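For reference, the chains in residue letters:
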Amino acid sequence: NAGVTQTPKFRVLKTGQSMTLLCAQDMNHEYMYWYRQDPGMGLRLIHYSVGEGTTAKGEVPDGYNVSRLKKQNFLLGLESAAPSQTSVYFCASGRDPSAFYEQYFGPGTRLTVT
Amino acid sequence: AQSVTQLDSHVSVSEGTPVLLRCNYSSSYSPSLFWYVQHPNKGLQLLLKYTSAATLVKGINGFEAEFKKSETSFHLTKPSAHMSDAAEYFCVVSGYGNQFYFGTGTSLTVIP
């Protein structure tokens, strides 16, 4: 039982390049989330999904796209990377938060855009 | 609307002394509240959660938190700090809708 895994762990991009971050969970969770963590700002929600085939915008969605084609995977895409997207990205999964379930987090992806 | 305020961005304690990390929340609904810990270059790990069953919640590694509705607070405490407690701590609220709302974090330093 691996929990939540993220690929890759580290990445360096040049401005304008694109990339996809992969999140996978093996806990059969309906809900999945992508956050970014910047110093002094806590975790901010980028996009989330409440089930296979569904996605929704969070607090800071601009410059990112997501897809949830399979229940266990949640992909985060950067079409044209900018230095402002330098951050640590965390994926999380869980059951229905309105039923008081917690989130489970992956180990993070450290992205640097030069 | 839901939000969380962590009242201290940095807390420093000596090893063996009590720890108090403060969190106030705002919620229009009965909230669920969580404390997560993040050690350097690691992901977030759940310490404890409040889900309305009991106001005093015990978590892992000797931490506990008390839900006080009248004060809209959910402060995290530990009787005796250990060096391994040095980390970033996040207070989180949810309970309505599909999202979680994070505080900006409290960095705990433990002095030997």
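Remember, predicted model here, so these are calculated numbers, not experimental data. (Residues numbered from 1 in each chain as written. Chains lettered and ligands numbered in written order. Predicted model: local features only at pLDDT ≥ 70, side-chain atom pairs only at ≥ 80, totals over all residues. Heavy atoms only, no water.)

Draft legend 1. Structural detail: the overall build of chain A. Across its full length, chain A carries zero helices and 11 strands. Since a compact globule built from 114 residues should have a radius of gyration of about 13 Å, the 13 Å found for chain A is in line with a globular shape. C-alpha atoms of chain A, sized along the principal axes, occupy 40 × 30 × 25 Å. Contacts in chain A between residues at least 24 apart in sequence constitute 55% of all its contacts with a sequence separation of at least 6. With an accessible surface of roughly 5300 Å², chain A has 52% of that area assigned to carbon and sulfur atoms. Of note, chain A has its 11 positive side-chain charges centred 8 Å away from the centre of its 9 negative side-chain charges. (Helix = DSSP H or I, 4+ residues; strand = E, 2+ residues; numbered from the N terminus. Rg over C-alpha atoms; globule rule 2.2 N^0.38 Å. Contact = heavy atoms within 4.5 Å. Areas by Shrake-Rupley, 256 points an atom, 1.4 Å probe, with all protein chains shown as cover. Lys, Arg positive; Asp, Glu negative; His and termini not counted. Charge placed at Lys NZ, Arg CZ, Asp CG, Glu CD.)

Draft legend 2. The nonpolar core, seen in detail. Core analysis: the biggest nonpolar cluster contains 26 residues, and Trp35(B), Leu48(B), Leu76(B) and Tyr89(B) have the highest contact counts within it. For this core, the element with the highest residue contribution is strand S10 (residues 87–94) of chain B, accounting for four residues. Those residues within four positions of Leu76(B) in sequence are excluded, and the remaining contacts are Val19(B), Leu20(B), Leu21(B), Trp35(B), Leu47(B), Leu48(B), Phe63(B), Glu64(B), Ala65(B) and Tyr89(B). If you look at the next biggest cluster of nonpolar residues, it comprises 20 residues, including Leu13(A), Met27(A), Ile46(A) and Val60(A). (Core = buried A, V, L, I, M, F, W, Y, C linked by side-chain atoms within 4.5 Å. Buried < 20%, exposed > 50% of the residue type's maximum accessible area, 1.4 Å probe, protein only.)

Draft legend 3. Expanded view of the interface of chain B and chain A. If you look at the interface, chain B gives 23 residues, while chain A gives 23 residues. When the two sides are added together, the surface that chain B and chain A hide from each other amounts to roughly 1800 Å², 58% of it contributed by carbon and sulfur. A per-residue breakdown of the area chain B buries against chain A is headed by Asn98(B), Phe100(B) and Phe102(B), which together make up 31% of the total. Counting across the chain B and chain A interface gives one salt bridge. Ionic pairing is found between Glu102(A) and Lys49(B), a salt bridge with its closest N-O pair at 2.6 Å. Where the side of chain B that touches chain A is concerned, the elements lending two or more residues are strand S5 (32–38), strand S6 (44–50) and S10 of chain B. (Buried area = accessible area lost by both parts, 1.4 Å probe. Salt bridge = Lys/Arg side-chain N within 4 Å of Asp/Glu carboxyl O.)

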